[in-house]
Amino acid sequence: MSFAPVRLNHAVLFVADLPRAERFYTDVFGMVVAAREPRANAAFLRLPHSDNHHDFGLFGVGPAAPPKHRGGIGLYHLAWQLDSVEELAAARQTLVDAGACTGESSHGATKSVYGADPDGNEFEIMWMLPREAWGEYENSAPVEALDLDAELNRWSGVRTAGRIVTDG
């Protein structure tokens, strides 16, 4: 018998240097520290528009911990969804400015930029087309070049994550 979760509530990473990782995620993603647990050398972060207690946890394990290696068993990346293609363009620039951008691609129904944090943990920042526009991508996920300027021209002003945007 299976069960049916509503959504992924939060993710947790082991990091070499907790203050460095905390700075990266607060500076680049705009997360705020929701709580700290000094006994576990941990910080719990909340996304800027979240009503969740915490969306992300960081546990500092020290610089002697073995590094993550690409292609090994374990989590490949986390994908963070944005509400608009304009936010995706801004995120790409933020990652470039932070020296954290590692690539970009179109997966048909989603448009993505990729990055890595100071510990090499990879992540995806993505925007999803409106559901009714998936068409041939309903059951496929190609990896193609992203033409973000063309996507901006086509989808500017379209919000798809269902987030209510408020001032402040």
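Right above here is the structure, for reference.
It should be emphasised that the depicted structure is a prediction, and the values quoted were computed from it without experimental measurement.

1. Considering the packing of aromatic side chains
Part 1 of the argument: Under the counting rule described, the total for this entry stands at 11 aromatic pairs.
Part 2 of the argument: With 6.5 Å between their ring centres and 75° between their planes, Phe 14 and Phe 59 make a pair best called edge-to-face. Taken as a pair, Phe 14 in strand E1 (residues 11-15) and Phe 59 in strand E4 (residues 56-60) lie far apart in primary sequence, 45 residues in all.
Part 3 of the argument: Given a relative accessible area of 61%, Phe 14 falls into the exposed group.
Part 4 of the argument: With a relative accessible area of 23%, Phe 59 lands in the partly exposed category.
Part 5 of the argument: When the ring of Trp 127 is compared with that of Trp 155, the centres are 5.9 Å apart and the planes differ by 55°; the resulting orientation is tilted. Separated by 28 residues along the polypeptide, Trp 127 in strand E8 (residues 122-128) and Trp 155 in helix H3 (residues 148-155) bring together distant segments of the chain. Just as Trp 127 is buried, Trp 155 falls in that class too.
Part 6 of the argument: An aromatic cluster is present here, built from Phe 24, Tyr 25, Phe 29, Phe 56, Trp 80 and Phe 123 joined pairwise through their rings.

2. Overview of the pattern of salt bridges
Part 1 of the argument: All told, the structure shown has eight salt bridges when counted by the stated rule.
Part 2 of the argument: The residue Arg 20 makes a salt bridge to Asp 119 at a minimum N-O spacing of 2.6 Å. Placement of Arg 20 in helix H1 (residues 18-29) and of Asp 119 in the loop between strand E7 (110-116) and E8 is noted, with a sequence separation of 99 residues between them.
Part 3 of the argument: Its salt-bridge partner being Lys 111, residue Glu 151 comes within 3.5 Å of it at the nearest N-O pair. Taken as a pair, Glu 151 in helix H3 and Lys 111 in strand E7 lie far apart in primary sequence, 40 residues in all. Taken individually, Glu 151 and Lys 111 each receive the classification buried, so the pair is uniform in this respect.

The rules behind each value
Residues numbered from 1 in each chain as written. Predicted model: local features only at pLDDT ≥ 70, side-chain atom pairs only at ≥ 80, totals over all residues. Heavy atoms only, no water. Phe/Tyr/Trp six-rings, centres within 6.5 Å; stacked < 30°, edge-to-face > 60°. Helix = DSSP H or I, 4+ residues; strand = E, 2+ residues; numbered from the N terminus. Buried < 20%, exposed > 50% of the residue type's maximum accessible area, 1.4 Å probe, protein only. Salt bridge = Lys/Arg side-chain N within 4 Å of Asp/Glu carboxyl O.

That's the geometry; what it means functionally is another story.
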